[in-house]
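A look at the structure
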Amino acid sequence: MPPVTKKLKQGNTPPVKTTVRRSQLITTFGVGSVIPVESESFMIAGLDLWNTKESDRIHEPRLSRSLGATSLFAPPASAGMVPMVRFPEWVHCPKCTRLDRFWRIADKDGKGDYINRCRHCITPRLVPSRFVACCINGHIEDFPYDSWVHRGAVRESAEKHSLSLRTDSRNSTLAGVTVTCTCGVSRTLEGALGRGSLTKRCSGSSPWLGRDDDACSESLVGLQRGASNVWFADVRSALTLDHAVSPAEELLERSRSTLENLTGADLDAVLEILARTNGVDFDELKEAVRRQSEEEPNGREAFLQLRRDEYGALGREHAEEDGFETFVCEPQVVEADAEAGRILDVVSKVSKLREVRALKGFSRVSVATGESKSPRAKLSTERVGWLPAIEVLGEGIFLRLDEEAVAQWEQSAFALTRVSLLNKSLKSAAPEWVEAVQPVSPRELLTHSLSHAVLNELAIDTGYPASSIRERLYTEPGQAGILLYTATADSAGSLGGLCARGTVDNMRGVLEAATERSQWCAADPVCLESLATGAGARNLAACHSCLLVPEVSCELMNGYLDRATLVGTVSDPNGGFLTTGYM
């Protein structure tokens, strides 16, 4: 495998292949993802090769601690560069139909560098392979054309075997794509994609890290290069909650990378130097270290603690005082005797919020969620101590459901039946390699379904496109909250139109409209009677005509939805949460 980068002559700068937005380097074109550049294809290299600047540092201690990182850095701006590696290596010439590795058939320029042009035909541009091979451990390699066309047979010598690729203009399926070898054998690519299509075992290839020697025993899965399941980003986020920070705590956060792995006398010596050079009391700094080590959770518990802090803050008053706050919240308690009080407890206007999103890792073939045991691919060969992140500003509305109403509904026979049907379909549809399926609770199913119904109504009511509104769910025991907000990197996140609708009266009207709209879907009665829909059978009664929203808006990729939890079914119209507790 060729190296990810090559040594440049003194004073030379690497060529710029393309430009992308900073946010795309977290969500769409992050480390290990395939990025098309005109007629070529590349892969974003690992964090070992990125250059970070202090000016790009993002401060969000709660998130960085929960992810086990010492720092968060924004991707380089216009003056910076992110390294890439050519992938896939296999290309073909549309004129002479040769199919081989790039460096074998590519022409060279006057400086001796390879260029994207066939050296046999001179003029045509080489076309990257449309197909790649991945495994569930996050590895990726070129599609095994040699093995495929020879049906796994071992070739005597590479010199006697040259491949070509031809397409039949009369057949647009994979059966119309034929790979032919000079030894006389040929085979179409019909059946080359999906699980069980390839008999070859994974070689442990990680092109973005320049490695191909990882031990891996998983089977390869044939995929199209541009398929969505070639790269799933594992992005974690946290809202910034304004609170008073002491000088000792601020110094500790800035010095996390210096203090990492220090203990005992070594730690005390470094703390004493830091305290003296920064004018901070040594005892206060040491106490801040002790308090942080006791309070610092990790893994799943760290994620839950982030949400607990946010859930509490969204229900409390956070007034704007000097204009420099990043979190301003104005909660309104809903009176119990009001109509909306039957299901709502608090409606909060969040006129200012700051969200930090960090790329923790990625997966291939299938999504690795926070609770999943599915492995995640590495972002770097060695531990670099930091993660790429972005910060976005916006505003939104927080709805806290009445805990008594939710608790009563989730114990009802109707709720238990619906969630039992979903969990059974999830288990039946789970692939064999999944050890256990995380069950869904009635509270999670209800809150997520209600979130989508309200989001769709707010998109109509406020004029925001649904893709600009995001959801944030709080569904742990004792929590039942929905934050709908417009935190984006562009101006759509700060216009104030969403927050202005965050009054009790307005939200009562939104809930009424959501209830009425949810009672009938253009796909009914098929939609309402469905028991296993969506990818992985993760939904019950939900389709694009009722509850599904743009995937960028949904925390759970349009999964775990059921319209019946809101308005009931034909046989039990009073079983839904809205028809029981509101209408």
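Just so it is clear, the model here is predicted, and its values are computed rather than measured.

Each helix and strand in the protein chain was counted, giving 16 helices and 22 strands. Relative to its 583 residues, the protein chain shows a buried fraction of 48%. Taking all contacts inside the protein chain whose residues are at least 6 apart in sequence as the whole, residues at least 24 apart take part in 66%.

Turning our eyes to something else, we now look at the sheet that holds strand β12 (residues 140-142). The strand order across the open sheet built from 3 strands is β12-β11-β16, with neighbouring strands paired in antiparallel fashion. Edge positions in the sheet fall to β12 and β16 (221-224), since each has one partner strand and no second. The average undirected angle you get between the axes of adjacent strands in this sheet is 40 degrees. Relative to β16, strand β11 (residues 131-134) runs antiparallel, the two being bridged by 4 bridges. Looking at the pairing, Cys134 lines up with Val221 of β16.

Turning our attention to the environment of Asp572. Positionally, Asp572 belongs in the loop between α15 (564-567) and α16 (577-581). A relative accessible area of 30% places Asp572 in the partly exposed class. For Asp572 and Phe414, which are 158 residues apart along the polypeptide, the C-alpha to C-alpha distance reads 8.1 Å.

With that settled, consider the pairing of strand β20 (residues 386-401). The element β20 is largely enclosed, with a buried count of 13 among its 16 residues. Note: strand β4 (residues 71-73) against β20, 3 bridges, orientation parallel. In the strand pairing of β20, Phe73 is matched with Pro388.

Between helix α10 (residues 403-410) and helix α12 (residues 442-462), the least distance of the axes is 9 Å, while the angle of their chain directions is 120 degrees. Compared by their axis directions, α10 and α12 come out oblique. At the point where α10 passes α12, the crossing takes the right-handed sense. Here Glu403, Val406, Ala407, Trp409 and Glu410 of α10 lie close against α12, whose contacting residues are Pro442, Arg443 and Leu446. Here the contact of α10 with α12 is built from residues that sort into 5 nonpolar, no polar and 3 charged.

This part covers the side chain of Gln479. Within the secondary structure, Gln479 sits in the loop between β21 (470-474) and β22 (481-485). Dropping the residues within four chain positions of it, Gln479 is found in contact with Arg307, Arg308, Tyr311, Glu403, Arg443 and Tyr474.

Okay, the pattern of salt bridges next. In the structure shown here, the tally under the stated rule is 26 salt bridges. Glu40 is the salt-bridge partner of Arg86, the closest N and O atoms lying 2.7 Å from each other. A residue pair is termed long-range when its members are at least 10 positions apart, and Arg86 in strand β5 (residues 84-86) and Glu40 in strand β2 (residues 40-44) qualify at 46 residues. With a closest N to O distance of 2.9 Å, Asp107 and Arg117 form a salt bridge. Here Asp107 is found in strand β8 (residues 106-108), whereas its partner Arg117 is found in strand β9 (residues 114-118), with 10 residues between them in sequence. Taking relative accessible area as the criterion, Arg117 reaches 29% and is therefore assigned partly exposed. Through salt bridges with shared partners, a single ionic network connects Glu60, Arg62, Asp309, Arg354 and Glu391.

So, on to the environment of Leu426. Within the element layout of this structure, Leu426 appears in helix α11 (residues 413-429). Judged by relative accessible area, Leu426 falls into the buried class, the value being 7%. With 134 residues separating them along the chain, Leu426 and Tyr560 place their C-alpha atoms 9.7 Å apart.

Core analysis: the largest hydrophobic core is formed by 59 residues, its most contacted members being Leu63, Leu72, Ile140, Trp208, Phe327, Val350 and Leu483. Every residue in contact with Ile140, bar those within four places of it in the chain, is listed here: Met43, Phe87, Val132, Ala133, Cys134, Ser205, Pro207, Trp208, Val230 and Arg364. Formed by 49 residues, the second largest nonpolar core is a distinct cluster that contains Ile343, Leu399, Cys527 and Leu528.

With that out of the way, let us pick up unusual backbone geometry. Cis geometry is found at the peptide bond from Phe87 to Pro88, where omega equals 0 degrees. Take Pro88: it is sitting in the loop between β5 and β6 (90-92). The amide bond that connects Asp524 to the next residue, Pro525, takes the cis arrangement and shows omega of 5 degrees. As for its placement among the helices and strands, Pro525 is situated in the loop between α13 (504-518) and α14 (526-529). Phi at Val365 takes a positive value of approximately 75 degrees, unusual for a residue other than glycine. Residue Val365 is classed as buried on the basis of its relative accessible area of 12%. Look at Asn558: it is not a glycine, yet its phi comes out positive at around 60 degrees. Among the secondary structure elements, Asn558 is positioned in the loop between α14 and α15. The exposure class assigned to Asn558 is buried, which follows from its relative accessible area of 10%.

So, about the environment of Glu54. Its location among the elements puts Glu54 in the loop between β2 and β3 (57-58). Given a relative accessible area of 55%, Glu54 falls into the exposed group. Taking the C-alpha atoms as reference points, Glu54 and Phe73, separated by 19 residues in sequence, lie 8.2 Å from one another.

A few words on the sheet that holds strand β1 (residues 34-37). The 3 strands lie next to each other as β1-β2-β5, forming an open sheet whose pairing is antiparallel. Each edge of the open sheet is held by one strand with a lone partner, namely β1 and β5. With direction set aside, neighbouring strand axes in the sheet form an average angle of 40 degrees. The sheet contact formed by β1 and β2 spans 4 bridges and is antiparallel. Counted as the bridge partner of Val34 is Met43 from β2.

When pLDDT is averaged across the protein chain, the result is 85; 87% of the residues are at 70 or more. The secondary structure element of the protein chain with the lowest average pLDDT is helix α5 (residues 247-254), at 69, and the one with the highest is β22, at 96. In this model, residues 1-11 is a region of pLDDT below 50 whose contacts with residues beyond four sequence positions or in other chains number 20 contacts.

The rules behind the values
- Residues numbered from 1 in each chain as written.
- Predicted model: local features only at pLDDT ≥ 70, side-chain atom pairs only at ≥ 80, totals over all residues.
- Heavy atoms only, no water.
- Helix = DSSP H or I, 4+ residues; strand = E, 2+ residues; numbered from the N terminus.
- Buried < 20%, exposed > 50% of the residue type's maximum accessible area, 1.4 Å probe, protein only.
- Contact = heavy atoms within 4.5 Å.
- Pairing = 2+ DSSP bridges.
- Axes fitted to C-alpha atoms, helices over the stretch in contact; angles between N-to-C directions.
- Parallel < 35°, antiparallel > 145°, perpendicular 65-115°, else oblique.
- Left-handed = near helix turned anticlockwise from the far one by under 90°.
- Nonpolar A, V, L, I, M, F, W, Y, C, P; charged D, E, K, R; others polar.
- Salt bridge = Lys/Arg side-chain N within 4 Å of Asp/Glu carboxyl O.
- Core = buried A, V, L, I, M, F, W, Y, C linked by side-chain atoms within 4.5 Å.
- pLDDT = per-residue confidence, 0-100.

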